[in-house]
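A look at the structure
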Amino acid sequence: LRDYVDLPQLPEQLAAELTMRGMEVESIDRVGGDLEAFSGVVVGEIVERVQHPNADRLSLCSVRLAPDGEPVAIVCGAPNARVGLRVPVATVGARLPKDGQPLAVKIEKGKIRGEVSNGMICSESELGLVAERSPGIWELSSDAPVGAELATFLRDRSDVVLDLAITANRPDLLSHIGVAREVAALSDDAKLRLPTPELHGHIGGPSTEASVTVTVDDPRGCSRYVARVLRNVTVGPSPSWLAARLEAIGLRPRNIVVDVTNYVMHELGQPLHGFDLDTLSGAAIRVSSLTEPTSFVTLDGKTRLLPVGTLMIGDESKPVAVAGVMGGLETEITDRTTSVLIESAHFDPASIRRTARALGLSSDASYRFERGVDPDLARL
């Protein structure tokens, strides 16, 4: 919020002002933990990984803890440990939290199943940053500097989250800029600051119009559909600041393309969706309603029977997304994606509401479309 408007010094002051004006603040949560307590936890890079000779589920990792330092051996049981990964490492002598108690566990050099381990590669739960048990070690972004103190690198993870109860008649408040606009209206001194994005990279090559065709067969269900093609895309993890902001609002970072679409949705209130352009037949987009029940696999891997009348996004030969609700698995963004089609559209709220209820499927996008999104946002 501070990116878009000046705020009171204390979150409690802001919460009181918002609540008095109809935006009830249900909770104030401080996230990120006390990073300063992680003395001795640094950013490391796994430079070698081999199977532990005495344990099937363990591996021996050589981890570099300084840019020019010699790697140290650390035994690790995480399934996602791999060469090239930047990870948080609790070095010998570091202390970690346990059961809510800070500095409860001291990391010592020792042997695990006969192999020396000089520290511990950590997960988010082992650092006390999340309550649930993490499925593997924490994969830091590729720009994490090897040897840096974790607290220094992740200082922007310390944040305060206000959970607002937004009434159905205020869809304009379902974004950070929407709330910032309201905050600016509370004071004569507070001014709304809108983002001014800068375009980086090579400009040129085929235009979007020359690369893909868009046809809307159901203008009542879809009054506006805007597409943009991005080429020579490298899909990888998001930078730490972006990942931290998504995690603060309960989203798990996936990759830079998906994360950016989620970030913009929560920033502006306009849902976006990214398709792998190379998976679209005929480089075409067609928006239409189903004329017969259709089986479709959504991004969550579930096969769903879609009823007649469901508004769909399709290509030249097949459906590729349930409009305004969820994309399809076949056209999802993966590590192999190099060309992306970004969808920014305006869908009829009643149509999206019927579809979401019929499928028992709610998403952040459908939540906004059901309540009404400003049609002009699609082209912003």
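Our subject is the structure that appears above.
**Points about the overall build of the chain**
Along its length, the chain carries eight helices and 21 strands. Projecting the C-alpha coordinates of the chain onto the three principal axes gives extents of approximately 65 × 55 × 40 Å. Every one of the 380 residues in the chain was classed for burial, and the buried ones make up 45%. Once local pairs closer than 6 in sequence are excluded, the contacts in the chain between residues at least 24 apart make up 66%. Counting every atom, the chain has about 20100 Å² of accessible surface; 49% of that belongs to carbon and sulfur. Put simply, the chain has 39 plus and 52 minus side-chain charges, and the middle of one group is 2 Å from the middle of the other.

**Here we look at the pattern of salt bridges**
Taken as a whole, this structure holds 13 salt bridges when the rule is applied. Ionic pairing is found between E332 and R254, a salt bridge with its closest N-O pair at 3.4 Å. Residue E332 is located in the loop between β20 (326-327) and β21 (340-347), and its partner R254 is located in the loop between α5 (240-248) and α6 (256-268); the two are separated by 78 residues in the primary sequence. Among the residues examined, E332 registers a relative accessible area of 23% and is labelled partly exposed. Put simply, D315 and K318 hold a salt bridge, and the shortest N to O gap is 2.4 Å.

**Here we look at helix α1 (residues 11-20)**
Quick reminder: α-helices carry 3.6 residues per turn. Residues three or four places apart thus point the same way. Those residues of α1 not exposed but buried are P11, L14, A15 and L18. Here the buried residues of α1 occupy an arc of 100° about the axis, which is enough to place them on one side. Those residues of α1 that are buried lie in contact with β1 (24-31), β11 (159-165) and α3 (176-185). Looking at the residues trailing α1, positive phi occurs at G22, about 95°.

**Topic: the sheet that holds strand β2 (residues 41-51)**
Where strands meet in a sheet, backbone hydrogen bonds hold them as pairs that are either parallel or antiparallel. Strand order in the open sheet formed by five strands is β4-β3-β2-β5-β10, and the pairing between neighbours is antiparallel. Since the sheet does not close on itself, it has two edges, and those belong to β4 (72-76) and β10 (120-121), each with one partner. The pairing of β2 with strand β5 (residues 86-90) spans five bridges and is classified as antiparallel. Bridge pairing in β5 links V43 to P88.

**Describing the nonpolar core**
In terms of nonpolar packing, the biggest core is built from 33 residues, with Y225, F275, I285, I313, L341 and F347 touching the most fellow members. When residues of this core are traced back to their parent elements, those giving at least two are β13 (222-230), β15 (284-289), β18 (311-314), β19 (319-322), β21, α7 (349-359) and α8 (364-371). Considering each element in turn, this core owes the most residues, four residues, to β13. Apart from the residues within four sequence positions on either side, I313 is in contact with Y225, F275, I285, R286, V287, P319, V320, A321, A323, E343 and F347.

**Examining the packing of aromatic side chains**
Following the criterion strictly, the structure yields two aromatic pairs and no others. Taking the centre distance of 5.7 Å and the plane angle of 90° together, the rings of W241 and Y263 count as edge-to-face. Taken as a pair, W241 in helix α5 and Y263 in helix α6 lie far apart in primary sequence, 22 residues in all. Ring plane angle 75° and centroid distance 5.1 Å describe the contact between F347 and F369, whose orientation is recorded as edge-to-face. Of this pair, F347 sits in strand β21 while F369 is found in helix α8, placing the two residues 22 residues apart along the sequence. Of the residues examined, F347 reaches a relative accessible area of 1% and is grouped as buried. The residue whose ring lies beneath R371 is Y367, and the NZ or CZ to ring-centre distance is 3.6 Å.

**Comments concerning the pairing of strand β3 (residues 59-64)**
For β3, the tally of buried residues reaches five of six residues, placing the bulk of the element in the interior. By the bridge criterion, six bridges tie β2 to β3 in an arrangement that is antiparallel. The residue bridging R49 from the neighbouring strand is C61, located in β3.

**Points about the sheet that holds β20**
Spatially, the five strands line up as an open sheet ordered β12-β15-β18-β19-β20, and their pairing is mixed. Of all strands in the sheet, those with a lone pairing partner are β12 (213-216) and β20, marking the two edges. The pairing of β18 with β19 spans three bridges and is antiparallel. Directly across from I313, in β19, lies its bridge partner A321.

Thresholds, definitions, all that
- Residues numbered from 1 in each chain as written.
- Predicted model: local features only at pLDDT ≥ 70, side-chain atom pairs only at ≥ 80, totals over all residues.
- Heavy atoms only, no water.
- Helix = DSSP H or I, 4+ residues; strand = E, 2+ residues; numbered from the N terminus.
- Buried < 20%, exposed > 50% of the residue type's maximum accessible area, 1.4 Å probe, protein only.
- Contact = heavy atoms within 4.5 Å.
- Areas by Shrake-Rupley, 256 points an atom, 1.4 Å probe, with all protein chains shown as cover.
- Lys, Arg positive; Asp, Glu negative; His and termini not counted.
- Charge placed at Lys NZ, Arg CZ, Asp CG, Glu CD.
- Salt bridge = Lys/Arg side-chain N within 4 Å of Asp/Glu carboxyl O.
- Arc of directions from axis to C-beta.
- Pairing = 2+ DSSP bridges.
- Core = buried A, V, L, I, M, F, W, Y, C linked by side-chain atoms within 4.5 Å.
- Phe/Tyr/Trp six-rings, centres within 6.5 Å; stacked < 30°, edge-to-face > 60°.
- Lys NZ or Arg CZ within 6 Å of the ring centre and 35° of its normal.

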